[in-house]
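# Chains, contacts and geometry: an overview
One-letter residues, chain by chain:
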Amino acid sequence: QNPKTSAIVKQLVAEGNAGELQKYFGVRMEFGTAGLRAAMGAGISHMNDLTIIQTTQGFCRYLEKNFSDLKERGVVIGFDARAHPPSGGSSKRFARLAANTFINQGVPVYLFSDITPTPFVPYTVTHLKLCAGIMVTASHNPKQDNGYKVYWENGAQIISPHDKGISEAIEENQEPWPQAWDDKLVDSSQLLHDPYATISKDYFKDIQKHCFHRDINKETKLKFVHTSVHGVGHKFVQLAFKAFDLSPPFAVPEQKDPDPEFPTVKYPNPEEGKGVLTLSFALAEKDGAKIILANDPDADRLAVAEKQESGEWKVFSGNELGALLGWWIFTCWKNQNQDACAIKDIYMLSSTVSSKILRAIALKEGFHFEETLTGFKWMGNRAKQLMDQGKAVLFAFEEAIGYMCCPAVLDKDGVSAAVIAAEMASFLATKNLSLTQQLKAVYDEYGFHITKASYFICHDPKIIEQLFENLRNYEGKNTYPKFCGRFKVSGIRDLTTGYDSSQPDQKAILPTSKSSQMITFTFANGGVATMRTSGTEPKIKYYSELCAPPGNSDAEQLKKELDELVNALEKHFFQPEKNNLQRKTE
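As annotated in an unreviewed UniProt entry, the protein chain is PGM2 protein from Nothoprocta pentlandii. Looking at the protein chain in UniProt, the text filed under Sequence similarities (unreviewed entry) is "Belongs to the phosphohexose mutase family." The UniProt entry for the protein chain carries the following comment under Subcellular location (unreviewed entry): "Cytoplasm".

Okay, here's the thing in structure tokens:
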């Protein structure tokens, strides 16, 4: 019933354009553990009014099956500022249609009345003890995309088998229910609640538990620039600074207000490096700020840059910021907890493709470190399990600039991470230390961990599969490579097949998945490299790291060794020319 998508389809039918119609209606969007992520537009392969109604009907039925008290507890729905005028789709409209679906079935809905950061949804699920949460966002994807992200009652993103259960329920509930299109009904319903004011107040109260240097924050001369890259983060980071008694950061004026066109950047993703930060650098130079904090458009990720003595800017990698935040959060915990026994219940987590620096800190300091599969859904669910056993999870991170600094949010949160990073920088400034100097101090104490990650683009799934099969049958059937160029391979873990050469029974401990490719090689020189496919993009990614024991401080030599290892990995294992792979271009 959406006049715009309806007109697009009618036009294609009139033109007899079978090719385009096949694109729109050939394959339904797949509902996975990350929910939905696709371009907005007409047809069942795109995000639009109809596919949102169908998805929510399926999700509603699945929740009814799993929770006898769904009609008492309800669900929360949040949305970002994305909009797509050609198809009439927007995050706000999709959120209202989803709310309408639940309300028509007698389910209470806590629908935010305005845009919020993604972490507010998992926070609300836990805080109000709801059955589930939905966030309508496509994070840092291109402007035409949108997404539908789902949280379970434990406040973490869903993991299997929920994705399959919801997917089947969507298939069974495709015909829109009566009144499905009439989202005006929600406004007069007794079942509609707006959690915006309460959650804003309580969230900022909860993150203050992680503020340890209020006196320093009040006095600091350090200046910060913040950009929300045309997304939702501006207002919330300003409020977080206020909650920590820090002077507000200078906001990049061209990027502080939400704009679904993302007019000043090619990709609205701070992970892509300096290109996204051009306006931030200019503002920092003008106002004399030394540190830049950048959120992605839904404010669940954080990038940090610092001006160096040379006048150059250093953009910290996700692993470097993970090392700094891990060190900082543990140091703050240690200062608060003098009891030597308490440490046995302390945990930190990171994903298997992230730096092993937390493992090195944990070994030396005596707390627990655990590694999970890639993605915050795994860290959030594992953190909740540990917390239910009476353990404390201080910190979790992934190299894709995602940080969980407060256990009140069991997902990555760029708002709390921004203000905690600002307090850390302010504290270090009182010791005349920069973030860059402190990072070196962390590596000096716990051992250098040098990382390098990139990706190749490949649009042909057959080539990708062949590339990984070649690695599994490298020197004859079922034999993995023994060398990569001059580098000796000392261990192999294949999470597609479940093989792990380091385990006594050769079976991997982490869960395996036949639907995605992922092989990790350990090298005799202390290097580790993982090759994996992306769940949301046509990419083959790699992550490499060289871990040196404390005391080996020749960082330049280690960098050179890692560069050589990465070159060998690309040449021998990826074979970009033979496989026609496109390199990541800056």
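Text resumes after the structure shown.
Applying the stated criterion across every chain yields a total of 26 aromatic pairs. With 6.5 Å between their ring centres and 65° between their planes, Tyr-196 and Phe-236 make a pair best called edge-to-face. Residue Tyr-196 is found in helix α8 (residues 196-207), and its partner Phe-236 is found in helix α10 (residues 233-243); the two are separated by 40 residues along the sequence. Per residue, the accessibility class of Tyr-196 equals that of Phe-236, and both read buried. When the centroid spacing of 6.5 Å and the interplanar angle of 45° are considered together, the rings of Phe-456 and Tyr-542 count as tilted.

A few words on the environment of Met-531. In this structure, Met-531 sits in strand β23 (residues 527-533). As for Met-531 and Ala-180, which are separated by 351 residues in sequence, their C-alpha atoms are 44 Å apart. If near-sequence neighbours (up to four positions away) are discounted, Met-531 is found in contact with Leu-467, Phe-468, Leu-471, Gln-517, Met-518, Ile-519, Phe-521, Lys-541, Tyr-542, Leu-569, Phe-573 and Phe-574.

This part covers the pairing of strand β24 (residues 539-547). The buried fraction of β24 is high, at 8 of 9 residues. The pairing of strand β18 (residues 449-457) with β24 spans 9 bridges and is classified as antiparallel. In the strand pairing of β24, His-449 is matched with Cys-547. Here 7 bridges tie β23 to β24, and the two strands are oriented antiparallel to one another. From the neighbouring strand, Arg-532 faces β24, where its bridge partner is Lys-541. Once β23 ends, the chain turns through 5 residues before running back antiparallel as β24.

Looking now at the sheet that holds strand β6 (residues 132-136). Spatially, the 6 strands line up as an open sheet ordered β1-β7-β6-β2-β5-β8, and their pairing is mixed. Looking at strand neighbours, the two that pair on one side only are β1 (36-39) and β8 (192-193), the edges of this open sheet. Where β1 and strand β7 (residues 145-151) come together, 4 bridges link them in antiparallel fashion. Looking at the pairing, Leu-36 lines up with Tyr-148 of β7. Along the sheet, helix α3 (residues 49-66) makes contact with β1, β2 (75-79), β6 and β7, crossing β7 at roughly 5°.

The next subject is the packing of α8 against α10. Contact pair α8 / α10: the axes reach a minimum separation of 9 Å and the direction vectors enclose 45°. Judged by the angle between their axes, α8 and α10 are oblique. In this structure, α8 crosses over α10, and the sense of that crossing is right-handed. Only Lys-235, Phe-236, Leu-239, Ala-240 and Ala-243 of α10 make contact with α8, whose side of the interface consists of Tyr-196, Ser-200, Phe-204 and Ile-207. Of the residues assigned to the contact of α8 with α10, the class counts are 7 nonpolar, 1 polar and 1 charged.

Counting residues in each nonpolar core, the largest one holds 162 residues, and the members touching the most others are Phe-59, Phe-102, Leu-293, Phe-395, Tyr-403 and Met-531. For this core, the element with the most residues is helix α15 (residues 414-430), which contributes 11 residues. Grouped together as the second largest cluster of nonpolar side chains are 10 residues, Tyr-347, Met-379, Leu-386 and Met-404 included.

Before going further, it helps to spend a moment on the packing of helix α12 (residues 318-336) against helix α13 (residues 357-365). Look at α12 against α13: their axes get within 9 Å of each other, and the N-to-C directions meet at 25°. One way to sum up the angle between α12 and α13 is to call them roughly parallel. Read as a crossing pair, α12 and α13 show a hand that is right-handed. For the pair α12 and α13, the contacting residues are Gly-322, Ala-323, Gly-326, Trp-327, Phe-330 and Lys-334 in the first and Ile-357, Leu-358, Ile-361 and Glu-365 in the second. Broken down by class, the residue content of the contact of α12 with α13 amounts to 6 nonpolar, 2 polar and 2 charged.

With respect to topology, 4 strands assemble into an open sheet ordered β15-β14-β16-β17, the strand pairing being mixed. Lying at the two open borders of the sheet, with one neighbouring strand each, are β15 (368-372) and β17 (402-404). On average, adjacent strands in this sheet sit at an angle of 15° to one another, irrespective of strand direction. As paired strands, strand β16 (residues 392-398) and β17 are joined by 3 bridges and run antiparallel to one another. Looking at the pairing, Phe-397 lines up with Tyr-403 of β17. Where α13 meets the sheet, its contacts fall on β14 (346-351), β15 and β16, and the angle it forms with β15 comes to roughly 160°. Against the sheet, helix α14 (residues 376-388) touches β14, β15, β16 and β17, its axis set at about 175° to β16.

Right, let's get into the domain arrangement of the protein chain. One can read the domain layout of the protein chain as domain 1 (3-193), domain 2 (204-314), domain 3 (319-446) and domain 4 (448-583). On a C-alpha basis, the centres of domain 1 and domain 2 stand 30 Å from each other. Contact with domain 1, which involves 18 residues of that partner, is made by 16 residues of domain 2. Carbon and sulfur atoms supply 63% of the area buried between domain 1 and domain 2, which totals about 1,500 Å² over both sides. Among the residues of domain 1 in contact with domain 2, Ser-139, His-140 and Lys-143 are the three that bury the most area, contributing 36% of the side total.

All chains considered together, the criterion is met by 37 salt bridges. We note a salt bridge from Glu-371 to Arg-493, for which the minimum N-O separation is 3.5 Å. One end of the pair, Glu-371, is in strand β15; the other, Arg-493, is in strand β20 (residues 487-494), and 122 residues separate them in sequence. According to the relative accessible area criterion, Glu-371 is partly exposed, its value standing at 25%. Across the salt bridge formed by Lys-560 and Glu-564, the nearest N and O atoms sit 3.7 Å from each other. Taken together, the residues Lys-560 and Glu-564, both in helix α18 (residues 555-574) and 4 residues apart, mark about one turn of the helix. Via salt bridges that share partners, Asp-49, Arg-93, Arg-96, Asp-183 and Asp-187 belong to a single interconnected network.

Thresholds, definitions, all that
Residues numbered from 1 in each chain as written. Predicted model: local features only at pLDDT ≥ 70, side-chain atom pairs only at ≥ 80, totals over all residues. Heavy atoms only, no water. UniProt positions renumbered as here; feature names shortened; annotations may be inferred. Phe/Tyr/Trp six-rings, centres within 6.5 Å; stacked < 30°, edge-to-face > 60°. Helix = DSSP H or I, 4+ residues; strand = E, 2+ residues; numbered from the N terminus. Buried < 20%, exposed > 50% of the residue type's maximum accessible area, 1.4 Å probe, protein only. Contact = heavy atoms within 4.5 Å. Pairing = 2+ DSSP bridges. Axes fitted to C-alpha atoms, helices over the stretch in contact; angles between N-to-C directions. Parallel < 35°, antiparallel > 145°, perpendicular 65-115°, else oblique. Left-handed = near helix turned anticlockwise from the far one by under 90°. Nonpolar A, V, L, I, M, F, W, Y, C, P; charged D, E, K, R; others polar. Core = buried A, V, L, I, M, F, W, Y, C linked by side-chain atoms within 4.5 Å. Domains from an automatic or database assignment. Buried area = accessible area lost by both parts, 1.4 Å probe. Salt bridge = Lys/Arg side-chain N within 4 Å of Asp/Glu carboxyl O.

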